[in-house]
Amino acid sequence: MGSSSAAADLRADVFIGPFLHFEQGGGTFAATTSTLVSGKSDAVLIDAQHIRTDVAALADFIGRTGKKLTTIYITHGHADHWYGAGDLVATFPDARVVATAPVVEYINQAAETEAQQWAAMFGDRVAKPGDVPETLDGLTIELEGHELQIVEVGQGDIRPSTVLHIPDLDAVVAGDVVYNQIHAMLGLSGPSGWQRWLQSLDAIEKLDAKMIVAGHRKPESSDYEASRMLDETRSYISDFADGAQRLDSAAELIELMKSKYPDFGNRWTLHFSANSWISRKKA
C-alpha cells in the first residue's frame, strides 16, 4: 500500500488513500498520502487522512508494524491531512498530535468553513476531527536519536505550509507543496501565491532529498524521483500561471493544461482551479 526507505534502524513507509467520489456531482478528490517514519520501537506519522474507512485502514497499517506511535505531525491545515488524527489517537492513545503555531492558527480560523465543505463533499464518510493539534515547541521532532526537521516553507496549495525533512533517510515529506503526477490545487491562491510556491520548491530542492512524499500522488508513481517531482510541480505552476494571465476562459485554461499534462490524475482539481481563477479575474 505504499513504499519504503531504510537507513539502518530508521525507515519510512507511505500509506495512500483511494481517489474519492464526491457526494454530489462528478469528479474525484485526489488520493492522499500519510507517511509513517519508524525507528526500532517508536514511530511518527505525518498527516492523518480524513475519511473514516481510510483512517481505519491507516490504523491497521500502523498497527501491523508493531511500533508505538508517539507523534502525529500535521504539515498544513487542510482537513484531508488532519481530520483523522482524533480517530488515530483513540486507537493509539500515547500519540500526541502536533503542528506549528501558524498551522494551528489556520486550522482554528478555517474550522467552520472546512467542516461545511467536507460535509458537502463527503457526507458522513468524514472522520470527526478531534482536538486541534497542539502547538509544537520548536521545529524538530526526535525519534530514537534521529532528528525530523520541520521546514516552514510558507506557501503550498495554501499558506502556511510546512514540510518535514528527514536527513538520515534523505527524505522530505512535502504535504501539498509537491504533487506527484496529480493536477495541483492552484485555485486557492493567485499569482503572488504561485510565485511564493515556486520559492517553496526551491527551498525543498536545496535539501537534496532522494525521496519526496507528495501529499497527493498517483498510486503507481514513485516517491524516489525527487528531481522529476520538483521539476513537474514547478513547470505545472508556471504553465498554469502563464495561461491564467493570457487566457480569458476556464475552458481554454483547462485545455491548455490537459494538453501539457495529459497523464496527470484528478482533473477535477484542474477544473476547480481554472474556474476559480477565471471567475476572480473577471470580477
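Residues numbered from 1 in each chain as written. Predicted model: local features only at pLDDT ≥ 70, side-chain atom pairs only at ≥ 80, totals over all residues. Heavy atoms only, no water.

**Looking at the side chain of E114**
What counts is decided by this rule: Under the DSSP-based scheme used, a helix requires at least four consecutive residues in state H or I and a strand at least two consecutive residues in state E, with every element numbered from the N terminus. For each residue, the accessible area found with a 1.4 Å probe, counting protein chains only, is set against the maximum for its type, and the residue is called buried under 20%, exposed over 50%, and partly exposed in between. This count recognises Lys and Arg as positive and Asp and Glu as negative, with His and chain-terminal groups excluded. Salt bridge criterion: a side-chain nitrogen from Lys or Arg within 4 Å of a carboxyl oxygen from Asp or Glu. By definition in these notes, contact holds between two residues if any of their heavy atoms fall within 4.5 Å.
Relative to the helices and strands, E114 resides in helix α4 (residues 101–122). It is R280 that comes nearest to the buried, bridge-free E114 among opposite-charge side chains, at 14 Å. Setting aside its immediate chain neighbours within four residues, E114 contacts G77, H78, A79, Y83 and Y106.

**Remarks on the sheet that holds strand β11 (residues 146–154)**
We apply this condition: Strand pairing requires that DSSP identify at least two bridges connecting the strands. Lines fitted to C-alpha atoms define the axes, with helix axes restricted to the stretch in contact, and inter-axis angles between N-to-C directions lie between 0 and 180 degrees.
If you walk across this open sheet you meet the 5 strands as β10-β11-β12-β13-β15, and the pairing is mixed. Of all the strands in the sheet, just β10 (140–143) and β15 (211–213) have a single pairing partner and so form its edges. Along the sheet, successive strands turn relative to each other by an average axial angle of 20°, direction set aside. In the sheet, strand β13 (residues 171–173) pairs with β15 via 3 bridges, with the strands oriented parallel. When the bridges of β15 are listed, A171 appears paired with M211.

**Digging into empty space enclosed by the protein**
Note the cut-off: Computed over the protein atoms alone on a 1 Å grid, cavities are sets of points where a 1.4 Å probe fits but cannot get out and pockets are open sets with protein on both sides within 12 Å along at least five of seven lines; a residue lines them when it has an atom within 4 Å of a point. Grid points are joined across faces, edges and corners, and a volume is the space filled by probe spheres set on the points.
What the rule picks out here adds up to 1 cavity of 30 Å³ or more. In this model, the largest cavity occupies a volume close to 30 Å³. Taken together, T33, S34, T35, I46, D47, H81, V173, G175, V213, A214 and G215 make up the full set of residues lining the largest cavity. Ranked by residues supplied to the lining of the largest cavity, first place goes to strand β5 (residues 33–38) with 3 residues.

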